[in-house]
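Next come the chains, spelled out residue by residue.
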Amino acid sequence: MSLVARLGERGAISAAFTSAIRLNSAAALRDRRRGHRGWAGAVNTDYDPLDRATAAQPFNAFRRLHQQGRVHYNPKRATWILCRNEDVRAALRDTDAVTSTEGVTRMRISAPVLVLSDGAEHARLRKQVQPGFSKGAMASWQKMTDELAKQLVSEVLAEPGCDVVRRLTIPMPMRMIAHILGVPDADVDKFRAWSEAGMHIVDFEASRHGVIRFGKAVASMAALQRYFMRQFSSGGLKGSDTVLGRLLTQADDGSLTDDQLFLIAVLLLIAGNETTTNLLGGMFDTLAHNPDQFEMIRENPDLIPMAVEEQLRITTPIQNLYRYTREDYRVGEVTIPSGSRVMLNFAAANRDPLVFDDPDQYRADRNPRSHIAFGYGAHMCIGAPLARMEAQAVLRELVKQACAIAPAGPTTWSANTSLRGPTHLPITLTPS
Ligand code: HEM
């Protein structure tokens, strides 16, 4: 049974959503067949984004991609790959030719949601969500962000050798999202447990462990939906200082139903948690292995915003996303045929030697303005200001509270093909 059918069967996400989702299996089959033909023009590659070892440590592969050519094609995966910064940007800009409406992962899928829409429909859906992240909203979350960063950094400081992923990089974004949604303090623990387990609804793995985890994810999403609906019916989570409350105030035509509000909340949970966790984890790993850079930031804390941008570039928490071509699409000398699956390799584009000097090197004072870790164009990340605010707050606390960061063991990296970040990172902070 398909992932979407399973979701529908368990009632984990709204019926309106599941019935509107369309898996394009004919196109998927066509993709598979095409895979055995190969193409003139593009460089055929065995770079395989689905290989777990490559996903965990992809940097040699990126260097090879940049050396070998501009457009690559992996016949086994029936996937075209763009890795140059300029080419990924151009594809993100051209939403008529290179669309999100057939999916942004390897799975062809259509649904009436923000990330999977383009053009006027996308503009309409984006207008619904954008007010939740206004300047006013950001300003109102600053205090909570600073307090949380202070508390979590001091907890890491108090436990030398602890796993900073468990201690800080997972709880920080999760607690911020609970806060901005207005989840009452008494409910935060269960909200966290459901959200953490529920996140795995988007990364099904065909193994025993994967099936069990997926089952838990579906049950947790269902619990989360019941919780939201109970809260909504008593006016909860819709206060004027919450994200959903702000959206309701803006949508004065009554177009946002409770089902839609729940889907927006789930979108924020999925889009904002693991991504920010990966950014924060990447930051601890980088600073622990580059003590001179940490020292530079300590000596000049004005570098903090720039250091976070450089971290976004070097970590690139969403390593890649996919698009599908709606017409023949030309990149340099190569024409990617209409109906193709194209991987936009954000992580490789952020290490493009044509744009970044010595691209594999972290330099806190680089000011990497053309990084595309938050995407680019119409779909550029809505939550970017929140993610930046969290990372900057943690870095400010680090330079205040610690004079050194040292690894207390090897870092383990996730082997998910799209999201990449530390899953285990033992660390010791030396108090200032
Ligand atoms: C370091 C953390 C983050 C990274 C690296 C990141 C990255 C991205 C990227 C690359 C996109 C573009 C998707 C595309 O082109 O298809 C995106 C879109 C989006 N992000 Fe983020 N994100 C982060 C944090 C957040 C947070 C904290 C939130 C909200 C709480 C959020 C909400 C969204 C939403 C709603 C979209 C969809 C925008 C659209 O399709 O128009 N993100 N993000």
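What this report covers is the structure whose coordinates are included nearby. (Residues numbered from 1 in each chain as written. Predicted model: local features only at pLDDT ≥ 70, side-chain atom pairs only at ≥ 80, totals over all residues. Heavy atoms only, no water.)

### Brief notes about the pairing of strand β8 (residues 321–325)
Now for step 1: Burial analysis of β8 places four of its five residues in the buried class, which makes it a mostly covered element.
Now for step 2: Where strand β5 (residues 98–99) and β8 come together, two bridges link them in antiparallel fashion. Considered in β8, the bridge of T99 is made with Y324.
Now for step 3: Where β8 lies against strand β11 (residues 341–344), four bridges are found, and the strand directions are antiparallel. Of the residues in β11, the one forming a bridge with R323 is V342. (Buried < 20%, exposed > 50% of the residue type's maximum accessible area, 1.4 Å probe, protein only. Helix = DSSP H or I, 4+ residues; strand = E, 2+ residues; numbered from the N terminus. Pairing = 2+ DSSP bridges.)

### Quick word on the pairing of strand β3 (residues 71–74)
Regular strands have side chains that alternate between both faces of the sheet.
Now for step 1: Side-chain alternation along β3 places V71 and Y73 on one buried face and H72 and N74 on a second face that is also buried.
Now for step 2: Relative to β3, strand β2 (residues 43–44) is paired through two bridges, and the arrangement is parallel. Residue pairing across strands places V43 opposite H72, the latter belonging to β3.
Now for step 3: Bridge count for β3 against strand β4 (residues 79–82) is four bridges, and the pairing is antiparallel. Within β4, the residue paired with Y73 across the bridge is W80.

### A short note on helix α13 (residues 243–250)
Now for step 1: Taken together, the buried positions of α13 are V243, L244, G245, R246 and L247.
Now for step 2: Looking at the buried positions of α13, the neighbouring elements they touch are α7 (119–129), α8 (135–157), α10 (171–181), α12 (208–233) and α14 (258–289). (Contact = heavy atoms within 4.5 Å.)

### Points about the environment of G235
Now for step 1: You can see G235 is positioned in the loop between α12 and α13.
Now for step 2: The exposure class of G235 is partly exposed, given its relative accessible area of 46%.
Now for step 3: Spatially, the C-alpha atoms of G235 and F62 are 50 Å apart, while their sequence positions differ by 173 residues.

### What to know about the sheet that holds β4
Now for step 1: Here we have six strands laid out as an open sheet, ordered β2-β3-β4-β11-β8-β5, and mixed in their pairing. Here the strands that pair on one side only, and so sit at the sheet edges, are β2 and β5.

### Topic: the side chain of T276
Now for step 1: Within the element layout of this structure, T276 appears in helix α14.
Now for step 2: When near neighbours in sequence (up to four residues on either side) are disregarded, T276 contacts P173, A387 and E390.

### Quick notes on the site of the ligand
Now for step 1: Residues in contact with the ligand amount to 25 residues; listed here are only the nearest, H122, R126, R323, H379 and C381.
Now for step 2: Contact between the ligand and H122: an oxygen atom at 2.7 Å from a side-chain N or O atom of the residue.
Now for step 3: Between the ligand and R323 there is a distance of 2.8 Å, counted from an oxygen atom to a side-chain nitrogen or oxygen.
Now for step 4: For the shell around the ligand, the elements supplying multiple residues, two or more each, are α7, α14 and β8.
Now for step 5: Looking at the shell around the ligand residue by residue, the class counts come to 16 nonpolar, seven polar and two charged. (Near = heavy atom within 4 Å. Polar contact = N/O pair within 3.5 Å; in protein donor to acceptor, adjacent residues only side chain to side chain. Nonpolar A, V, L, I, M, F, W, Y, C, P; charged D, E, K, R; others polar.)

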